[in-house]
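Structural overview for review
Now for the letters of each chain:
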Amino acid sequence: MRDLNNMTVMITGASSGFGMVTAKMLVEQGANVVLGARRVDRLEALSQELGDANVAFKEMDITNKDQVHALAQLGIDKFNKIDALVNNAGIMPLSLLNAGRTDEWDEMIDTNVKGVLYGIDAVLQHMLDRGDGVIVNISSVAGLRVFDGSAVYSATKFAVRAISEGLRAESAGKIQVTCIYPGAFKTELGFSIKDTSILERLMKLGMAEIAQPAERVAETIVFALQQEKGVALNEIVIRPTAQET
Ligand code: NDP
């Protein structure tokens, strides 16, 4: 296994959920983390908790390419390198297509698709030049199948799968690429759902009850980062045991 000690890992969407928990686990194992999100007050608190020496953080909107590049540069300036990217920032404002919530569609596509591409763009050349790097993209089980209300969210997460596979093939021999497909886990993601009919449906399905702690996904991300350079865990699906769909 790769030793995480002194590895530098950039995490997008580190202010809550999987990103925040992964940052904590990585620093516990001696890694340095480069954290970006819009809620910079949360990043500041996390940095204080983890110790400023191990953390670089910056307010960053993943839909703004320059801000994503600036985050990567901050990490390179402080730690001289970025070994890995956890391309995690995302939103999930589910709704039925006939609800016509087109602003949310735009926001999802900008965040979940363009944001993932900007994350890759910010570190790829640096990693190729070094001949080493790990990129973990976070898709979803909604990136493998479509549910009522998930048409656009699923489209963005199917796209993350396509991007991951293209990146894997194009960077073969140099970069380890992992795409993770989580089911229902306890984070703040559901707060972005504003369509009440979808919220009611999810309540009926009991999703909140079966959702498992974010730590389980963070452990999986860490496991992907620990793989020796010669192999990559290309695809990982992780669901609560009780999740049927
Ligand atoms: P959270 O809502 O807890 O975390 C999402 C993170 O993304 C936050 O840190 C948020 O930070 C960040 N983010 C959102 N929009 C932007 C933006 N425009 N610019 C920068 N950062 C942004 O949810 P999760 O931890 O669950 O989500 C992480 C990933 O996991 C997402 O891609 C999600 O789709 C995926 N996922 C989650 C599942 C779950 O069950 N929880 C299941 C399947 C996939 P801020 O608002 O401060 O900018």
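Each remark here, short or long, concerns the structure printed above.
Because the structure is a prediction, the values reported are computed rather than measured.

This brings us to the overall build of the protein. The number of helices and strands found in the protein is eight helices and nine strands. For a compact globule of 245 residues, the expected C-alpha radius of gyration is about 18 Å, and the protein comes in at 17 Å, within 12% of that figure. The principal-axis extents of the C-alpha atoms in the protein amount to approximately 50 × 40 × 35 Å. Here the protein holds 245 residues, and the buried ones make up 51% of them.

Our focus in this paragraph is the layout of surface pockets. Of the pockets and cavities examined, the second largest pocket occupies roughly 160 Å³. Taken together, 14 residues make up the lining of the second largest pocket; nearest its centre are Ala-172, Gly-173, Ile-175, Gln-176 and Ala-232. Looking at the lining of the second largest pocket, its residues break down into five nonpolar, five polar and four charged.

This part takes up helix α5 (residues 151-170). When the terminal C-alpha atoms of α5 are compared, their 28 Å separation across 20 residues agrees well with the 28 Å that a helix rising 1.5 Å per residue should span. Val-152, Tyr-153, Ser-154, Thr-156, Lys-157, Val-160, Ile-163, Ser-164 and Leu-167 are the residues of α5 that are buried. On the buried face of α5, the contacting elements are α4 (102-130), β5 (134-138) and β6 (176-182).

Attention now moves to empty space enclosed by the protein. Per the stated rule, a full pass over the model turns up one cavity of 30 Å³ or more. What lines the largest cavity is Pro-93, Leu-94, Ser-95, Trp-105, Met-108, Gly-149, Ala-151, Val-152 and Tyr-153. Counting only elements with at least two residues in the lining of the largest cavity, the list comes to α4 and α5. Looking at the lining of the largest cavity element by element, the count peaks at three residues for α5. For the lining of the largest cavity, a count of residues per class yields seven nonpolar, two polar and no charged.

Another aspect to go through is the nonpolar core. In this structure, Ile-11, Leu-26, Leu-35, Val-136, Ile-221 and Leu-225 are the most contacted members of the largest nonpolar core, which totals 35 residues. Listed by contribution, the elements that provide at least two residues to this core are β1 (8-12), α1 (17-28), β2 (32-37), α2 (40-50), β4 (84-87), β5, α8 (214-225) and β9 (235-238). At seven residues, α8 tops the list of elements feeding residues into this core. For Ile-11, the contacting residues outside a window of four places in its chain are Gly-19, Thr-22, Ala-23, Leu-26, Val-33, Val-34, Leu-35, Gly-36 and Val-86. The next biggest cluster of nonpolar side chains, apart from the first, holds 27 residues, and it includes Val-116, Val-123, Ile-163 and Tyr-181.

This next bit is on unusual backbone geometry. Its identity is not glycine, yet Asn-6 carries a phi of approximately 70°, on the positive side. Residue placement: Asn-6 occurs in the segment before β1. We note that Asn-80 has phi near 70°; this positive angle belongs to a residue other than glycine. Tracing the sequence through the fold places Asn-80 in the loop between α3 (65-79) and β4. Classification of Asn-80 as exposed rests on a relative accessible area of 64%.

Moving on, we get to α1. With twelve residues, α1 ought to run about 16 Å at 1.5 Å a step, and its terminal C-alpha atoms sit 17 Å apart, in line with that. Counted residue by residue, α1 has nine buried out of twelve residues, so it is predominantly covered. For α1, the complete set of buried residues consists of Gly-17, Phe-18, Gly-19, Val-21, Thr-22, Ala-23, Met-25, Leu-26 and Val-27. One or two residues past the end of α1 sits Gly-30, with phi positive at roughly 95°.

This paragraph deals with the site of the ligand. Around the ligand lies a shell of 29 residues, among which Ser-15, Arg-38, Arg-39, Tyr-153 and Thr-187 are the nearest. Here Gly-183 contributes a backbone N or O atom positioned 3.0 Å from an oxygen atom of the ligand. Contacts to the ligand include Thr-187, whose side-chain N or O atom sits 2.6 Å from an oxygen atom. Look at the ligand: alone it shows 870 Å² of surface, and the protein chains cover 95% of it. For the shell around the ligand, the secondary-structure elements that each account for two or more residues are α1 and α5. The residue inventory of the shell around the ligand, partitioned by class, reads 13 nonpolar, eleven polar and five charged.

Thresholds applied
- As a convention, each chain's residues are numbered from 1 in the sequence order in which they are written.
- Note on the predicted model: pLDDT of at least 70 is required for a residue's local features to be given, and 80 or more for side-chain atom pairs to be given and counted; whole-chain, interface and lining totals, by contrast, use all residues.
- Based on all heavy atoms of the structure, the side-chain values leave hydrogens and waters out of the count.
- A helix here means a DSSP run of H or I that spans at least four residues, while a strand means a run of E at least two residues long, and both kinds are numbered starting from the N terminus.
- In this description the radius of gyration comes from C-alpha coordinates, and the expected globular size is given by 2.2 Å times residues to the power 0.38.
- Partly exposed residues are those whose accessible area sits between 20% and 50% of the maximum for their type, while under 20% is buried and over 50% is exposed, using a 1.4 Å probe and protein chains only.
- Cavity means a closed set of points on a 1 Å grid over the protein atoms alone, one where a 1.4 Å probe fits but cannot get out, pocket means an open set with protein on both sides within 12 Å along at least 5 of 7 lines, and lining means a residue has an atom within 4 Å of a point.
- Grid points are joined across faces, edges and corners, and a volume is the space filled by probe spheres set on the points.
- By the convention adopted, Pro, Cys, Tyr, Trp, Phe, Met, Ile, Leu, Val and Ala count as nonpolar, Lys, Arg, Asp and Glu as charged, and the other residues, Gly among them, as polar.
- Here the expected span of a helix is defined as 1.5 Å times the quantity of residues minus one.
- Here a residue-residue contact requires only that any non-hydrogen atoms of the pair lie within 4.5 Å.
- Among buried residues, the Ala, Val, Leu, Ile, Met, Phe, Trp, Tyr and Cys ones that are joined through side-chain atoms within 4.5 Å form a nonpolar core.
- Being near a molecule or strand, for a residue, comes down to having at least one heavy atom within 4 Å of it.
- Polar contacts here mean pairs of N or O atoms no more than 3.5 Å apart (in protein, one a potential hydrogen donor and the other a potential acceptor; neighbouring residues in sequence count only if both atoms are side-chain atoms).
- Areas reported here follow the Shrake-Rupley algorithm with a probe of radius 1.4 Å; residue values treat only the protein chains shown as occluding.

Nothing here speaks to function; it is geometry throughout.
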